[in-house]
Amino acid sequence: MKVLVLTTALGTGGAEMALFRVLNALRPHGVETVVVSIMAIQGDHFPTMGLDVRSLDMPRARLNRHALAKLRDIVREFQPDLIQGWMYHSNVLAHLARRFMPAGQRPPLAIAIRGSLTLLAEEKRLTRWIIRLDAWLSRWAERVLYVSRLAHRQHNEFGYAAAQAMVIPNGFDCQKFTPDPTARARLRQELGLSDNARLIGLVASWQPLKNHRGLLVAVASLAERYPDVHVVCAGRGVSLANPAAAEAIPPSIRARVHLLGERGDIASINSALDIATNVSHAEAFPNVVGEAMACGTPMVVTDVGDSAWILDGCGEVVSPGDDAALAGALARLLDMPAEQRQALGARARQRIIDHFSLESVALSYLREWQALLAHRKG
């Protein structure tokens, strides 16, 4: 099966990494792919994964004649059996890509919704227009694949085609994201901390949506009660070189906040934490929750997107933006005996294995693609 995948961008974001995990998992099943990014590829790690990755190099995702000609050439050269859009802008372009095939040979089209509409009003005007266009075009897609139940509900209410809709959540590599008994001492040594230091972590790029400030305020309110607690934050822009990140650290805990920047050893960091967090104001299906759970780390999450459903009691859930509730949830986990907290983490890992393994999620995509091809041939 030859699948042309169009994505808006290729960086280290959750949607992009989820895509590549699925495509890599499907290679042994005979799925050949070409991935086309609307914008320039960020970093050199995607081609090294062994996948055919190309870019239309469209600045700010604005369509131009050169990019259209490049896309047309890719489609006609590859001759895909199926086209898969991945995120709003690329969903729209996927409809156009199908038109580059002869009328009698146009392949089935699936589009993917990777986010929620919770903060739609805060999106750029062009993005809001693209989402409306994507909704109108969705009636001509054979499948509309949602990453979360919340996204499914919101987009159906917004006007996306309901008959073709289904939910396929993110999947997690439970061999890569697995408890590492050596990680605890390793990270504490890197940070110059004692082996008894307790770490609360947040893995997320620096942006207001991710609410680093809220976590830091909550921990600052607990500082006197828990003098052995430190905060570890990792992600793009999360460093002292970013003035906004440096300014967000309350003075009372400045010596206890460690901003690591973008890291490639997230599984190790998750394994080293006593508590992982995801305190966003909005999400669809956050990868960071599943990754931390797969590493056996208990969590505190805000009740956004499918976070509470993913966690399913293996940690604490609080309302977004409620710093006092967040502090209380962190305190409850910190007050647990270490053995009880570890048992909670073990339950979290088992839930990911049972319900969100990468292999099962990848096969869900494969089954849907095969069904579309069978229906087209029928």
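Preceding block: the structure.
Residues numbered from 1 in each chain as written. Predicted model: local features only at pLDDT ≥ 70, side-chain atom pairs only at ≥ 80, totals over all residues. Heavy atoms only, no water.

### Brief notes about the overall build of the chain
Along the backbone of the chain there are 14 helices and 13 strands. Judged by the C-alpha coordinates and their principal axes, the chain covers about 70 × 40 × 40 Å. When contacts within the chain are restricted to residue pairs at least 6 apart in sequence, those whose partners lie at least 24 apart make up 70%. (Helix = DSSP H or I, 4+ residues; strand = E, 2+ residues; numbered from the N terminus. Contact = heavy atoms within 4.5 Å.)

### Focus: the environment of A121
Within the secondary structure, A121 is located in the loop between β5 (109-113) and α4 (125-137). Judged by relative accessible area, which is 73%, A121 ranks as exposed. Residues A121 and A374, spaced 253 residues apart in sequence, show a C-alpha to C-alpha distance of 40 Å. (Buried < 20%, exposed > 50% of the residue type's maximum accessible area, 1.4 Å probe, protein only.)

### A few points about the pattern of salt bridges
Taken as a whole, this structure holds 20 salt bridges when the rule is applied. For the salt bridge of R186 with D180, the shortest nitrogen-to-oxygen distance reads 2.9 Å. Residue classification places D180 among the partly exposed residues on the basis of a relative accessible area of 23%. Here R351 makes a salt bridge to D312, at a shortest N to O gap of 3.6 Å. Placement of R351 in helix α13 (residues 338-355) and of D312 in the loop between α11 (307-311) and β13 (315-318) is noted, with a sequence separation of 39 residues between them. On the basis of relative accessibility, which here comes to 46%, the residue D312 falls in the partly exposed class. Taken together, the shared-partner salt bridges in this structure form one network comprising R184, R188, D274 and R341. (Salt bridge = Lys/Arg side-chain N within 4 Å of Asp/Glu carboxyl O.)

### So, the sheet that holds β13
As summarised here, the arrangement of the six strands in space is β10-β9-β8-β11-β12-β13, forming an open sheet in which the pairing is parallel. With partners counted over all chains shown, the strands left at the sheet margins are β10 (257-259) and β13, one partner each. Across the sheet, the mean angle separating the axes of adjacent strands is 20° when strand polarity is ignored. Where strand β8 (residues 198-203) and strand β9 (residues 229-234) come together, six bridges link them in parallel fashion. When the bridges of β9 are listed, G201 appears paired with V232. Along the sheet, helix α12 (residues 323-335) contacts β8, β9, β11 (275-278), β12 (299-302) and β13; its crossing angle with β13, the most-contacted strand, is approximately 170°. (Pairing = 2+ DSSP bridges. Axes fitted to C-alpha atoms, helices over the stretch in contact; angles between N-to-C directions.)

### Considerations on the sheet that holds strand β2 (residues 32-37)
Read from one edge to the other, the open sheet built from seven strands follows the order β3-β2-β1-β4-β5-β6-β7, with strand pairing classed as parallel. Either end of the sheet is taken by a strand with one partner, and the two such strands are β3 (52-55) and β7 (165-167). Geometrically, the sheet is characterised by an average inter-axis angle of 20° between neighbouring strands, direction not taken into account. The pairing of β2 with β3 spans four bridges and is classified as parallel.

### Remarks on empty space enclosed by the protein
Here the structure, examined in full by the defined rule, presents five cavities of 30 Å³ or more. Taken together, G201, L202, V203, I266, N270, L273, A276, T277, V288, E291, A292 and M299 make up the full set of residues lining the largest cavity. Elements supplying a minimum of two residues to the lining of the largest cavity: β8, α9 (266-272), β11 and α10 (287-294). For the lining of the largest cavity, the per-class residue count stands at eight nonpolar, three polar and one charged. (1 Å grid on protein atoms, 1.4 Å probe; cavity = no way out; pocket = protein on both sides within 12 Å on 5 of 7 lines; lining within 4 Å. Points joined across faces, edges and corners; volume = space filled by probe spheres on them. Nonpolar A, V, L, I, M, F, W, Y, C, P; charged D, E, K, R; others polar.)

### What to know about the environment of T7
Within the fold, T7 resides in strand β1 (residues 2-7). By relative accessible area, which is 0% here, T7 ends up buried. Spatially, the C-alpha atoms of T7 and W86 are 4.8 Å apart, while their sequence positions differ by 79 residues. When neighbours within four sequence positions are excluded, T7 is seen to be in contact with L19, V35, V36, S37, I38, W86, M87 and S90.

### As for unusual backbone geometry
One non-glycine residue, D57, lies in positive phi territory at about 50°. Relative to the helices and strands, D57 resides in the loop between β3 and α2 (65-78). Since its relative accessible area comes to 44%, D57 is described here as partly exposed. In this structure, D312 takes a positive phi of about 50° despite not being glycine.

### As for the packing of aromatic side chains
Inspection of every chain in the model, using the stated rule, returns six aromatic pairs. Seen in terms of ring centroids, F172 and F285 are 6.3 Å apart; in terms of plane orientation they differ by 25°. Their pairing is stacked. Separated by 113 residues along the polypeptide, F172 in the loop between β7 and α6 (183-191) and F285 in the loop between β11 and α10 bring together distant segments of the chain. The exposure classification of F172 matches that of F285, with both residues buried. Between the aromatic rings of Y365 and W369, the centroid separation amounts to 6.0 Å while the plane-to-plane angle is 55°, which identifies the pairing as tilted. With a gap of four residues between them, Y365 and W369 both fall in helix α14 (residues 358-377), about one helical turn apart. (Phe/Tyr/Trp six-rings, centres within 6.5 Å; stacked < 30°, edge-to-face > 60°.)

### Section: the packing of helix α3 (residues 88-99) against α4
Where α3 contacts α4, the axes come no closer than 9 Å and their chain directions differ by 45°. Compared by their axis directions, α3 and α4 come out oblique. Judged by the twist between their axes, the crossing of α3 over α4 is left-handed. Residue-level contacts link Y88, H89, N91, V92 and H95 of α3 to T127, I130, I131, L133, D134 and L137 of α4. Split by residue class, the contact of α3 with α4 holds six nonpolar, four polar and one charged. (Parallel < 35°, antiparallel > 145°, perpendicular 65-115°, else oblique. Left-handed = near helix turned anticlockwise from the far one by under 90°.)

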